[in-house]
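What follows is each chain in one-letter form.
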Protein chains: 2
Amino acid sequence: MQHITLKVEGMTCGHCVSSVEGAVKNVGATGKVDLSAKTVQIQFDEGKLSLDKIKEAIEDQGYDVG
Amino acid sequence: MQHITLKVEGMTCGHCVSSVEGAVKNVGATGKVDLSAKTVQIQFDEGKLSLDKIKEAIEDQGYDVG
């Protein structure tokens, strides 16, 4: 299991937290957003899922992943 | 038909716009949020609906109505 923290720009409120965490979940990972730090902590199985796919899912919700 | 503009604090993003406009619609009025001005323009039938009910619906979404 891979643990990584991504910087995410554009999250402003609880709805944004839900969008980002939901997008991460939809691709089969788990994510926990820290809104004040503008980060999301990701856990995923690197044998089944690529980090690029997770980043893409977050970006598809309208946020920039640093 | 009554037209009124309410000040709404706490709206930060497009999700917030949808929440507020959706809450207004749910009670039978129409609302158009201006996110940068932090306002919502409301149209409602004062024979069928009170302004207090609209304010309450917005506040129930977690926003302060000024």
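Rules used in this analysis
Residues numbered from 1 in each chain as written. Chains lettered and ligands numbered in written order. Predicted model: local features only at pLDDT ≥ 70, side-chain atom pairs only at ≥ 80, totals over all residues. Heavy atoms only, no water. Core = buried A, V, L, I, M, F, W, Y, C linked by side-chain atoms within 4.5 Å. Buried < 20%, exposed > 50% of the residue type's maximum accessible area, 1.4 Å probe, protein only. Helix = DSSP H or I, 4+ residues; strand = E, 2+ residues; numbered from the N terminus. Contact = heavy atoms within 4.5 Å. Least-squares fit on C-alpha atoms with pLDDT ≥ 70 in both. Pairing = 2+ DSSP bridges. Axes fitted to C-alpha atoms, helices over the stretch in contact; angles between N-to-C directions.

Peer 1: An account of the nonpolar core is needed here, citing residue identities and associated values.
Peer 2: In terms of nonpolar packing, the biggest core is built from 36 residues, with Ile58 of chain A together with Ile58 of chain B touching the most fellow members. Elements represented by at least two residues in this core include exactly β1 (2-9), α1 (14-26), β3 (39-44) and α2 (51-60) of chain A together with β1 (2-9), α1 (14-26), β3 (39-44) and α2 (51-60) of chain B. In this structure, isoleucine 58 of chain A is in contact with Leu6, Val8, Val20, Ala23, Val24, Val40, Tyr63 and Val65 of chain A, ignoring residues within four places of it in sequence.

Peer 1: Can you break down the relation of the copies chain B and chain A residue by residue, with the values?
Peer 2: In the superposition of chain B on chain A (RMSD 0.0 Å, axial shift 0.0 Å), the rotation amounts to 180°. Put plainly, the chains are arranged around a two-fold axis. Both copies contact each other with a shared surface, as 100% of the interface residues of chain B are interface residues in chain A too.

Peer 1: Explain the sheet that holds strand β4 (residues 64-65) of chain B residue by residue, including any values.
Peer 2: Residue and element names in this part refer to chain B. Ordered in space as β2-β3-β1-β4, the 4 strands form an open sheet in which the pairing is antiparallel. Looking at strand neighbours, the two that pair on one side only are β2 (30-34) and β4, the edges of this open sheet. Relative to β3, β1 runs antiparallel, the two being bridged by 6 bridges. From the neighbouring strand, leucine 6 faces β3, where its bridge partner is valine 40. Against the sheet, α2 touches β1, β3 and β4, its axis set at about 30° to β1.

Peer 1: I'd like a description of the sheet that holds β3 of chain A, backed by residues and values.
Peer 2: Residues and elements named next belong to chain A. Taken in spatial order, the 4 strands of this open sheet run β2-β3-β1-β4, and their pairing is antiparallel. Two strands in the sheet have a free side with no partner beyond their single neighbour: β2 (30-34) and β4 (64-65). Taken together, the 5 bridges between β2 and β3 define a ladder with antiparallel strand orientation. Following the sheet pairing, lysine 32 is matched in β3 by glutamine 41. Against the sheet, α1 touches β2 and β3, its axis set at about 160° to β2. The strands that α2 touches are β1, β3 and β4; relative to β1, the one it contacts most, it runs at about 30°.

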